[in-house]
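# Notes for the structure review
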Amino acid sequence: MDLFVEFIGTTGFATMAWGNILMILIGLVFITLAITKHYEPLLLLPIGFGAIVGNIPTIPGMALSVYDEGSVLHYLYFGVRQGIYPPLIFLGIGAMTDFSAMLSSPRLVLLGAAAQIGIFLTLIGALYLGFTPEEAGAIGIIGGADGPTAIFLSAKLAPHLIGAIAVAAYSYMALVPVIQPPIMKLLTTRKERLIRMPPPRQVSLRERIVFPIAAFLIAALIAPGSLALVGMLMFGNLLKESGVTDRLAETARHAFIDIVTILLGFSVGASTQAQTFLTPESLSIFGLGALSFAIATAGGVLFAKFLNLFTKNKVNPLLGAAGVSAVPDSARVVQVVGHAEDPHNHLLMHAMAPNVAGVIGSAICAGMLWSVMVK
Amino acid sequence: MIDPQAGIQNIVDGQGAAIAIAGMSIVFAALTLISVVIALLPRILSRIEGLFPEPVVATPRSRAAPIEDLTTVAAAAAAYHAARSGVAPG
């Protein structure tokens, strides 16, 4: 009987805290959003289930949770803690990405730079709220709207905030179709939203082969901290474009990225234990994250309007919103908002240019922040 | 509640404005350079056409197999079947 009572005391029912229940509910909300609304299902579903797993109370003395040395989850989390998974995901993204839209419209690349203002204004906001410069840098990168980059920089600058930053980044990425349209409409006139873009030119295979090498050299020489992210992104793209490594490209963009995504999503979710996750800092991070997405969107749109002051061939300012690097969601949002004004205006291909430029831009920002804040 | 003065002092101490200005300058410099290289790439590549010709992508041929090939395949299949079933090929 004593044994039975002792066993009952070790069950999750006996040791469950209200915070764990709340986090399990949040995990269920993520899974529901992924299944019913299709919001970033490849990430929200593993993160959601990981959050449920991570919030089952563990037994003292048994290595079970992400934070218990020697546990299975601890080993899986190693790739997050050391920033290994994000560059591997970038390899797969590179092998999936077609940079043709960007290569055919070089001026749209600048919209990807303008949207990075979200990162730096959020950094200032985080400093204002009392975060350390390293924590502020890691929080600011949420504004890059790039989950792997956010996790990579958090692992380097503020490992104790990875869970909150990753969940905030992916949650807001999933909410891009909700966050962006009101800001885009607020900052543009109907006349501007109706601007049509010239059809993109045909890009030669040679350009597509040379581009990843040239872009990597430029980005890595200017911000060496971006070497791992941009290097893997461009390596993956070269595998795709070279035409001689189809098997490698195929693996990188399918099985490989899928495996890493499962490991990353699940272990990030499992790291959201209520005891470490439900803190006032996490709430501040969520608030700053929402702000950063809004600022990044506004920055891109306003910069497109600024460009129009000096150029003869006007840019549809909606394209600026695609400068946040949530690929391809923000490009889709541009298409949807533009299409709502004029059903014959197809902006998707054009929006992919600032969108992929935003991926490079946020990786450069992460590299820059890491360089200036490394001890 | 955050004391505004303390918040602003945190920004000053953390060099927030300097990092923001430097960061935006660096990302604009890098992407502008990439943009310029992209714009010049077609011209640069046309100059070095001889050194770096446009790769020819091999397309699979969809011709029908000639009769000779089919005869060889049939003979090989018959030989294999015979060997497996212990009958000498005729």
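Residues numbered from 1 in each chain as written. Chains lettered and ligands numbered in written order. Predicted model: local features only at pLDDT ≥ 70, side-chain atom pairs only at ≥ 80, totals over all residues.

### Some details on the overall build of chain A
For clarity, the threshold we go by: In this description a helix means any DSSP run of H or I spanning at least four residues, a strand means any run of E spanning at least two, and both kinds are numbered starting from the N terminus. For the radius of gyration, the atom set is restricted to C-alpha positions; the globular benchmark scales as 2.2 Å times the number of residues to the power 0.38. Exposure is read from a count of other C-beta atoms within 10 Å of each residue's own; the residue is exposed at 12 or fewer, buried at 20 or more and partly exposed in between. C-beta atoms are placed from the backbone. By the convention adopted here, residues are in contact when the distance between their C-beta atoms, placed from the backbone, does not exceed 7 Å.
In terms of regular secondary structure, chain A is built from 21 helices and zero strands. In terms of overall size, chain A behaves like a compact globule, its C-alpha atoms giving a radius of gyration of 21 Å where 375 residues would be expected to give roughly 21 Å. Per-residue burial for chain A yields a buried fraction of 58% across its 375 residues. Sequence separation of 24 or more characterises 75% of the internal contacts of chain A that already satisfy a separation of 6 or more.

### Side note on the overall build of chain B
From N to C terminus, chain B includes three helices and zero strands. Listing each helix as α and each strand as β along chain B from the N terminus yields α-α-α. Counting only residues that meet the buried cut, chain B has 18% of its 90 residues in that class.

### With respect to the interface of chain A and chain B
Basically, it comes down to this: Any residue that is not Ala, Val, Leu, Ile, Met, Phe, Trp, Tyr, Cys, Pro, Asp, Glu, Lys or Arg is counted as polar, Gly included; the first ten are nonpolar and the last four charged.
Contact residues are listed per partner, giving 40 residues for chain A and 30 residues for chain B. Elements that contribute at least two residues to the side of chain A that touches chain B include exactly helix H8 (109-114), helix H9 (117-128), helix H10 (133-140), helix H15 (205-222) and helix H21 (348-373) of chain A. Of the residues forming the side of chain A that touches chain B, the biggest block, 10 residues, is contributed by H15(A). Considering only residue class, the side of chain A that touches chain B consists of 31 nonpolar, six polar and three charged.

### Description of the nonpolar core
Residue and element names in this part refer to chain A. Selection rule: For this entry, the nonpolar core is defined as buried Ala, Val, Leu, Ile, Met, Phe, Trp, Tyr and Cys residues connected by C-beta atoms within 7 Å.
Core analysis: the biggest nonpolar cluster contains 148 residues, and Ile165, Ala219, Leu319, Val334 and Ile364 have the highest contact counts within it. Per element, the largest residue contribution to this core is 15 residues, and it comes from H21. Other than its neighbours up to four places away in sequence, Val334 contacts Leu318, Leu319, Ala321, Ala322, Leu347 and Ala351.

### Some remarks on the packing of helix H5 (residues 72-81) of chain A against helix H17 (residues 246-270) of chain A
All names here are of chain A. Going by this rule: Only C-alpha atoms enter the line fits that serve as axes; for helices the fit covers just the stretch in contact. Angles between N-to-C directions range over 0 to 180 degrees. Relative orientations are named as follows: roughly parallel for angles under 35 degrees, roughly antiparallel for angles over 145 degrees, roughly perpendicular for angles from 65 to 115 degrees, and oblique for any other angle. Put simply, a crossing is left-handed when the front helix is turned counterclockwise from the back one by less than a right angle, and right-handed when it is turned clockwise.
Closest axis-to-axis distance for the H5/H17 pair is 9 Å, and the angle between their directions is 110 degrees. It follows from the interaxial angle that H5 and H17 lie roughly perpendicular. Considering only the axes of H5 and H17, their crossing is left-handed. Of the residues in H17, those touching H5 at Leu73, Leu76, Tyr77, Gly79 and Val80 are Leu263, Leu264, Phe266, Ser267, Val268 and Ala270. Residues that form the contact of H5 with H17 fall into these classes: nine nonpolar, two polar and no charged.

### Re the environment of Asp2(A)
Within the element layout of this structure, Asp2(A) appears in helix H1 (residues 2-10). Expressed as a C-alpha distance, the spacing of Asp2(A) and Tyr39(A), which sit 37 residues apart in the sequence, is 48 Å.

### Some thoughts on the packing of helix H11 (residues 147-157) of chain A against helix H12 (residues 162-174) of chain A
Residue and element names in this part refer to chain A. Viewed as axis vectors pointing N to C, H11 and H12 meet at an angle of 165 degrees, and their least axial separation amounts to 9 Å. On the basis of their axis angle, the class for H11 and H12 is roughly antiparallel. For the pair H11 and H12, the sense of crossing is right-handed. Where H11 approaches H12, its residues Gly147, Ala150, Ile151, Ser154 and Ala155 are matched on the opposing element by Ile162, Ile165, Ala166, Ala169, Tyr170 and Met173. Taken together, the residues that form the contact of H11 with H12 break down as nine nonpolar, two polar and no charged.

### Observations concerning the environment of Leu221(A)
With respect to the helices and strands, Leu221(A) occurs in helix H15. Distance from Leu221(A) to Gly12(A), taken between C-alpha atoms, is 52 Å for residues 209 residues apart in sequence.

### Considerations on the confidence of the model for chain B
All names here are of chain B. Our working definition: Every residue gets a pLDDT, meaning the predictor's confidence in that residue, from 0 to 100.
Of the residues in chain B, 58% have a pLDDT of 70 or more, and the chain-wide mean is 77. Averaged pLDDT values for the elements of chain B fall to 61 in helix H3 (residues 67-85) and rise to 94 in helix H2 (residues 16-47). Per the prediction output, this complex has pTM 0.86; the corresponding ipTM is 0.89.

### Some details on unusual backbone geometry
All names here are of chain A. Of the consecutive residues Val327 and Pro328, the connecting peptide bond is found in the cis state with omega at -10 degrees. Position of Pro328 relative to the elements: it lies in the loop between helix H19 (280-308) and helix H20 (329-341). Phi at His38 takes a positive value of approximately 60 degrees, unusual for a residue other than glycine. Take His38: it is sitting in the loop between helix H3 (18-37) and helix H4 (41-54).

### Examining H11(A)
Burial within H11(A) is extensive, with 10 of its 11 residues counted as buried. Here H11(A) has its buried residues at Gly147(A), Pro148(A), Thr149(A), Ala150(A), Ile151(A), Phe152(A), Leu153(A), Ser154(A), Ala155(A) and Leu157(A).

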